[in-house]
Amino acid sequence: MSRVVSFVRQPIVVALVLIVLLLYLGEALSPGFATGGQILRLLIVASLLGIVAAGQNVVILGGREGIDLSVGGVVSLSAILAGNVMNGADGGILPAVAACLAAGAFFGLLNGLGVTLLRIPPLVMTLGMLGVLQGLLVVIRMGIPSGQAAPALSRFVTQPLAYGIPGIIWLWIVIGILLALMLNRTVFGHRIYAIGSNEHAAYMAGVPVKLVRIALFMISGMFAATAGLCLLGYSGTSFANVGEQYMLPSIIAVVFGGTSLAGGKGGYTGTMAGAVLLVILQSILTTINIEESGRQMVFGATLLLLMMFYGRGRAMRA
Amino acid sequence: MAETATVPTYRRAGGIGRLLERYPFLPALVIVAALLLLNGFFSPNSLTFRALTGLLSTYMALILLAIAQTYVVYAGDIDLSAGAILSLVNVAIVVLMERWGGGAGAVFLALAIGLLLGLACGLVNGLVVAALRLQAIVATFATSIFFTGLALYILPVAGTPAPALFWRTYGGRLFGVPFVFYILAALVILLAVMSRTRLVTQLLAVGDDQQAAYQTGLPVIATRIKGYVLCGLFSALAAFCITGDTASGDPLVGGKMTLYSVAAVVLGGSALSGGWGTVVGSLLGALTIGLINSVVFFMGTPSEWQNFVQGLAILLVLMAGVLAGRRARS
Amino acid sequence: MSKLKLSGVSKAYGATLALRRGDLELMAGEVHVLMGSNGSGKSTLCKIIAGSVRPDGGKIFVDDQPVTISGPRSARSHGIGIFYQELSLAARRSVEENISLGKLPVKSRVFIDRSELRQRAARYIGLFDGVCGEGFSADTLVGNLRPDQRQLVEIMKALASEAPLLIFDEPTSALDRAQVERFFEILRDLKRRGRGIIFISHRMDEIKAIGDRVTIIRDGETITTLNLGETDPATVIRLMVGGAGDMPASQSSVPAVVEGEGGTALTVRDLSGRGFRNVSFEVGRGEILGFGGLHGQGQSAVLRAIFGAGSIASGEILIGDSRFDASNPRDAIRRGCAYVSGDRSRDGVISGRPIIENVTPIHYLRDRLMIARPGKLRAKVAPALDSMHTKFASLFHPMGSLSGGNQQKVIIARWLIDRPDVLLLDDPTKGIDLSAKADLFALIRRLAAEGLGIVLYSSEDAELLGNANRILVFNGGSVSRELTGADRTRYNLYQAAYEAA
Amino acid sequence: ETFKIGLSNGWVGSEWRTQMIDEAKAAAAEWKEKGVDVEVSVQSANVDVPGQIAHIRNFIAEGVNAIIVNPNSPTAFDPIFAQAKEAGILVIATDAEVSSPDAIYVGIDQTAWGAAGAKWLAETLGGKGKVVAINGVAGHPANEMRVAGYKSVFKDHADIQVVNEVNANWDQAQGQQAMQNILATYPDINGVLVQDGMAAGAWKSIMDAGKAGQIAATGEIRKDFIDLWIKEKLNSGATVNPPGVMASALNVAVLMLQGKELKEPAKAGQYGNALYLPIPFIDSKNVAEAAKQLEGKPGYYSYTSSLSIEEAEALFK
Ligand SMILES: Nc1ncnc2c1ncn2[C@@H]1O[C@H](COP(=O)(O)OP(=O)(O)OP(=O)(O)O)[C@@H](O)[C@H]1O
Ligand SMILES: Nc1ncnc2c1ncn2[C@@H]1O[C@H](COP(=O)(O)OP(=O)(O)OP(=O)(O)O)[C@@H](O)[C@H]1O
Ligand SMILES: [Mg+2]
Ligand SMILES: [Mg+2]
């Protein structure tokens, strides 16, 4: 019995139940909302958010108030970089992937070095990095022509790849499985949790704390870069500031997935459900026909309401 | 007290560390001074009394918002809705002032309601974060969306002008001294008084170690809620200043200011993890942001590089602030 | 009239029954000792009284009136003050603020009354005049203090509550002898003034020195209450351990076997660093070298420095015959060095994670593993935990579900999968109950017999005298005396420790 | 003759803004040939409202002759513009109108901009059908004026039914997502009124859904979109908000600094201080011409137009 209860109270289960409820609600409010094709399209959007949230997730798990506000900047940078490198040609995809991942890893490295060697709090370091990246975007756009997504990339993101499901969703599923394996079944994963829950004890037990944390920020940068690449495929062209809309939602998705912002507790599977939940919620709000002010109030209030299910802090009195 | 004399008073050596421990905002002060000098070096006009008055009246809103943020940061929380509260109070008071005719009575009544509104928003945040125990970053982001919606409902598009009485007073002079200096003086006194209150010590103790504070018998939840209420009140004061400086209502005016307020708090040497910091530091931090923006321009940075250089400068100063702050604590 | 009475108080954390049935009666003017092995529910009981844990059932009476304690504040208003085992201090606040934090003096209702604050602090700091140690003053930040000094602040804080009913949950675990003596004087004075005091310690000598009555608690149940004057340690221990009656091996008399012939395991020459200077010694294979002396005389600093977690200014370390200078613990671990800290919540426990992940990190590093397969790991982990008689529900339960002592066992077990060459023990039994201690020392001797070089620092003389082949007594950061053979007596140890003071 | 002109731009999130600054700089350079030395001083960065007010203060401290600003708020600059005027500085706002009586606005009429798109859509749909609107940032004045513009047009077309209006914050990806959601829930719409910055995204969703043939939607003036438009033969029409507005404003500013007087004083608009520039319109008839102007430019480059010096002179006595 208590097993059933604890199963039902798992964040991922809560999220899945809410997803189904929201789909019903959406369908009731505006018929056609929950058709198969539309759900797939929502999943494409969710996977973009979910991939950004994957990086955000591991950084948060690593503790020490881990958070990466620079993901938005990296997404934008990567979309632009990818567009320029591939410039509409399928042959350019591989170099573009390499360039984006390298850029993501580079800025993640900078974040990681600031956070570990200089011990700047991540919120501060990545907020500052966001400012730098935004500035860099302006500088870059001055010098290089804008690019187009390669057709294969666009197909990968928007068209079915296998079993009627687009490649990006497959990619997301693979990322989900790999991350779950990494977190639960590798030494690196255990080390992430270790530094997230007690950094000093981890250090005394021989965990290379700084290296692991730097790696986390690099992973985050690379996931953000991957998302930027996919975003280019999604929208066809690259343009400035596309990534900004992912900054705070990626954190919300992580929280909806039951990962504690304090670090050391949680996982990625829940985050995936959290991303889907958030995207569905946003879509419902777009399709119902009310004033924008009302939409925002409903959105804010609903977020709060949903958060009541997740990640509520522990009571101080046990 | 005879007993006092028996207290052992060994002290650790290290003049600078000691000084920083006492005045954690010193690095910020040095940075502000250096930036002022740089500004003056590149453009002597920027150090005139008039220019300094302008700097103050423009950044008074950000200063107050940073101070607002500081009180929640004291307790280890954060408020991403501060900018939205500012916008909401801004449109609310402008609309009310206009509706009530813009006389002195209307202005004061509207300001009083503005304060209440700030208080109410702070209370909502406090309840949501402290009483319902939602995570501060995400919960206040959600309330910021809600408050912005409310602001849009009150004033769907920027525009209503504030009564001349109001903004002319803010931008004007009293006995030959610009009004903002009175505000600054009042603010400094207020902050000095505030720093002596039990509430501030309790906020810092809660931010230091929440569980320990609870076990000690501090009213942790009430304290955190009060922190958010203070934040709401100071955000409302910030809204008054922005209304004074812009003479109008704009439902989106504060949106970008939230993250700057957080940056200002860190620039001022406060620890985001809570338990450590000063409001004076945040005041200086807000000025730092303003001065960096000017210095980048006066240095003659090409326009396409300005954002980058600003971002880099802020990042570097943030790092410097954090490193200096840590020295103080170690 | 009883000051406090508990009847049938219980508490469960999820599936763990922390406290089954707590019955206790505390009289005015007595020091009432709670004794029980690790995880028996002592702290839980105290926290329930102090309001920071919500009981599941039972009744509480204060001055014979039934009361509901709804939280720490309510406990205070019922006249209850507490010293928390894990402390409850604000690290970035000053000593004086911490002392009064529970009830900050105010004037005009909102402002802090600084002069009152200062006077109050002076009063309680004055009580410990002369034993506070260097760097302790009313305006020092608590975070800058040593562990023993922090514990003193927590004591002052509890005293400052001026509550008629005081609870001290292991207040002496980091204190040195002089500090404990002073604290006991204060307790005796409070007793005379009619306060009721609950006192917890695992040290038998302390209990005999200060306690009036003792309540034994076993597996979350209070067994019985005895007058300490009418009982002896053996009885108490028997009651604590339960019917099984397997008494812990006596520790006070049997010196360990003198070292074998295996050569030196660890050589330290002229080592200086923060907190110690010119320390030299050798540890043979199979030898247990003791570090003694008052608290904070450099013993921990030396051990941490060897392990790569402290600073070294000059000097030389050899493991076996090869030079060893670990720049960080990881290096040290790779070279076969092991370190167990007494400060487990800071240095050891990976809280919130399963027990298995708390045992494996050293194994990961030494075997350069990349993949963590639970099945394989379980086979490695289980024997290590068993050799310490660790009590746990399953390897996948979170570490936090264990009591302090069992957590410490888990942390020691992590070094047992891949045997190190040198084992550094930094007051490893802090907060461990008697039977666990016996398990631990049996294990240590066995490890020594297998050829490990072991350094044991302990704040308990009995542990040193009973287990170390040689004892280096530290004073002011360097070794002031070496006790070998028949010199290893309690008297010599005391004398060497206090020599300079 | 030497004039120093300060250009302030408070948001750098799009290429359009970059192009705007570039064209203004180029316009200043052209004055050289006329023997007028126009020196521009640029502040262009992401700032909040106080940050942009500080831009103006910096210009005042620098002692410029005129300030041209693309403002972050329509109303927030009244007091600072008053101070600039006191200091003898000419203030011109562009791209978004400002309420200050101490400044003039030189740019397009955003209401007319919104109306033009709506008019094209109504005509294209033959005066009847179901339409959705994808707007920019709610509460942003330019957005609200554009909304007012299309509303006034649709008021006269009783058979055109606006089934939903959503906001996608002038973000292409958000526009694409919004369009996706709309297509799912209103499969039978005929027209989409989508503002620039998001139209390419919306069109992408329309094409992905295979409905490019059934739906008419407004478009963009960026080169990559115009190329797509021609290639896919989209049923589209784009009202032009040219990045050249700041260049136009600069030309007007220089002439005013020279002491010339406008033939018709700037008295248009809700604040009575606007000088409206003509709004070009691109539809399928003239899209090829637009493409010609953009040949060889990068994909993000926008179709542009601005008052040449001569055209500007024609506005003056
Ligand atoms: N939690 C900690 N507590 C104390 N010191 C730490 C901690 N983490 C890191 N350090 C310090 O940082 C240094 C390097 O730490 P760490 O081992 O995590 O980094 P690394 O990348 O593995 O570097 P190395 O090449 O030295 O192994 C150590 O020498 C130590 O002094
Ligand atoms: N917060 C908690 N969550 C879950 N279980 C807990 C918690 N606190 C204590 N326990 C469990 O309750 C039991 C009693 O713990 P308690 O701390 O009271 O023991 P103790 O007698 O104080 O031991 P020690 O001598 O080691 O301090 C233990 O089994 C412990 O694992
Ligand atoms: Mg290392
Ligand atoms: Mg205990």
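Treat the numbers as computed from the prediction; the structure is a model and nothing was measured.

Re the site of ligand 1
Consideration 1: With respect to spatial proximity, the complete set of residues near ligand 1 consists of A:His200, A:Tyr203, A:Pro208, A:Val209, A:Lys210, A:Leu211, C:Ser327, C:Asn328 and C:Arg330.
Consideration 2: More than one chain reaches ligand 1: its neighbouring residues belong to chains A and C.
Consideration 3: A distance of 2.7 Å separates an oxygen atom of ligand 1 from a polar atom in the side chain of A:Lys210.
Consideration 4: Contact distances for ligand 1 include 2.8 Å between an oxygen atom and a side-chain N or O atom of C:Asn328.
Consideration 5: Alone, ligand 1 offers 610 Å² of accessible surface; in the complex the protein occludes 60% of this.
Consideration 6: Contributions of two or more residues to the shell around ligand 1 are made by α10 (199-204) and α11 (209-235) of chain A.
Consideration 7: Residue composition of the shell around ligand 1, by class: four nonpolar, three polar and two charged.

Here's the deal with the domain arrangement of chain C
All names here are of chain C.
Consideration 1: In terms of domains, chain C is made up of domain 1 (2-241) and domain 2 (264-498).
Consideration 2: A separation of 30 Å is found between the C-alpha centroids of domain 1 and domain 2.
Consideration 3: Counting the surface lost from both domain 1 and domain 2, the interface buries some 1,700 Å², and carbon and sulfur atoms represent 49% of this.
Consideration 4: Three residues stand out in domain 1 for area buried against domain 2, namely Asn38, Arg177 and His202, and they jointly supply 38% of the buried area on that side.
Consideration 5: Counting every contact that joins domain 1 to domain 2 gives zero residue pairs in polar contact (both at pLDDT 80 or more).
Consideration 6: Listing elements by their share of the side of domain 1 that touches domain 2, those giving two or more residues are α6 (177-192) and α8 (233-241).
Consideration 7: Counted by class, the side of domain 1 that touches domain 2 contains six nonpolar, eight polar and six charged residues.

Focus on the site of ligand 2
All names here are of chain C.
Consideration 1: The full set close to ligand 2 counts 21 residues, and Gly39, Lys42, Ser43, Thr44 and Ser401 are the nearest of them.
Consideration 2: Within the side chain of Ser43, an N or O atom sits 2.6 Å from an oxygen atom of ligand 2.
Consideration 3: In this structure, Ser401 approaches ligand 2 through a main-chain N or O atom, which is 2.4 Å from an oxygen atom.
Consideration 4: Isolated, ligand 2 exposes 630 Å² of accessible area, and the fraction of that covered by the protein chains is 82%.
Consideration 5: Listed by contribution, the elements that provide at least two residues to the shell around ligand 2 are β2 (16-27), α1 (42-50) and α15 (404-413).

Notes on the sheet that holds strand β21 (residues 470-475) of chain C
Residue and element names in this part refer to chain C.
Consideration 1: The mixed open sheet is built from six strands, whose spatial order is β18-β19-β20-β15-β21-β22. Two strands close off the open sheet at either side, each with one partner strand: β18 (337-341) and β22 (478-484). Pairwise comparison of adjacent strand axes, ignoring direction, gives a mean angle of 20° for this sheet.
Consideration 2: In terms of strand pairing, strand β15 (residues 288-292) meets strand β20 (residues 453-457) through four bridges, oriented parallel. Note on β20: the bridge partner recorded for Ile288 is Ile454.
Consideration 3: Its contacts with the sheet place helix α16 (residues 434-449) against β15, β19 (422-426) and β20, and it is angled at close to 150° to β20.

Observations regarding the packing of aromatic side chains
Two aromatic rings, taken as a pair, are described by how far apart their centres are and by the angle between their planes.
Residue and element names in this part refer to chain C.
Consideration 1: A full pass over the atoms with the stated rule returns 24 aromatic pairs over all chains.
Consideration 2: Note on Phe168 and Phe183: the rings are 5.1 Å apart at their centroids and 70° apart in plane angle, and the pair reads as edge-to-face. With Phe168 in strand β9 (residues 165-169) and Phe183 in helix α6, the pair connects residues that are 15 residues apart, well separated along the chain.
Consideration 3: Looking at Phe168, the relative accessible area reads 0%, which means it is buried.
Consideration 4: Accessibility expressed as a relative area gives 0% for Phe183, which makes it buried.
Consideration 5: Both rings, one in Phe307 and one in Tyr339, keep their centres 5.2 Å apart while their planes meet at 20°; by these two values the pair is stacked.

Regarding the sheet that holds strand β9 (residues 216-218) of chain D
Residue and element names in this part refer to chain D.
Consideration 1: Ordered in space as β7-β6-β8-β9-β10-β12, the six strands form an open sheet in which the pairing is mixed. Bordering the open sheet on either side are β7 (160-167) and β12 (281-283), each of which pairs with just one other strand. Direction aside, the axes of adjacent strands within the sheet are offset by 15° on average.
Consideration 2: In the packing of helix α7 (residues 199-208) onto the sheet, contacts are made with β6 (129-135), β8 (191-194), β9 and β10 (236-239), and the angle to β9 comes to roughly 160°.
Consideration 3: Helix-sheet contacts for helix α8 (residues 223-232) involve β10 and β12, and the interaxial angle to β10 is about 155°.

Focus: the confidence of the model for chain C
Consideration 1: With 95% of its residues at a pLDDT of at least 70, chain C reaches an overall mean of 87.
Consideration 2: Confidence drops under pLDDT 50 across residues 244-256 of chain C; counting only partners more than four residues distant or on other chains, this segment forms 20 contacts.

Notes on the interface of chain A and chain B
Consideration 1: At the interface, 46 residues of chain A touch 44 residues of chain B.
Consideration 2: Both sides of the chain A and chain B interface together cover about 3,900 Å² of buried area, and 78% of this is carbon and sulfur.
Consideration 3: In terms of surface lost to chain B, no three residues of chain A exceed A:Met297, A:Leu304 and A:Met316, which account for 17% of the buried area on that side.
Consideration 4: Summed over the shared surface of chain A and chain B, the result is zero salt bridges.
Consideration 5: Our enumeration of links across chain A and chain B arrives at two residue pairs in polar contact (both at pLDDT 80 or more).
Consideration 6: When residues of the side of chain A that touches chain B are traced back to their parent elements, those giving at least two are α6 (122-143), α12 (247-256) and α14 (292-307) of chain A.
Consideration 7: With 14 residues, α6(A) is the single largest residue contributor to the side of chain A that touches chain B.
Consideration 8: Of the residues in the side of chain A that touches chain B, the class split is 29 nonpolar, eleven polar and six charged.

What counts, and where the lines are drawn
- Residues numbered from 1 in each chain as written.
- Chains lettered and ligands numbered in written order.
- Predicted model: local features only at pLDDT ≥ 70, side-chain atom pairs only at ≥ 80, totals over all residues.
- Heavy atoms only, no water.
- Near = heavy atom within 4 Å.
- Polar contact = N/O pair within 3.5 Å; in protein donor to acceptor, adjacent residues only side chain to side chain.
- Areas by Shrake-Rupley, 256 points an atom, 1.4 Å probe, with all protein chains shown as cover.
- Helix = DSSP H or I, 4+ residues; strand = E, 2+ residues; numbered from the N terminus.
- Nonpolar A, V, L, I, M, F, W, Y, C, P; charged D, E, K, R; others polar.
- Domains from an automatic or database assignment.
- Buried area = accessible area lost by both parts, 1.4 Å probe.
- Pairing = 2+ DSSP bridges.
- Axes fitted to C-alpha atoms, helices over the stretch in contact; angles between N-to-C directions.
- Contact = heavy atoms within 4.5 Å.
- Phe/Tyr/Trp six-rings, centres within 6.5 Å; stacked < 30°, edge-to-face > 60°.
- Buried < 20%, exposed > 50% of the residue type's maximum accessible area, 1.4 Å probe, protein only.
- pLDDT = per-residue confidence, 0-100.
- Salt bridge = Lys/Arg side-chain N within 4 Å of Asp/Glu carboxyl O.

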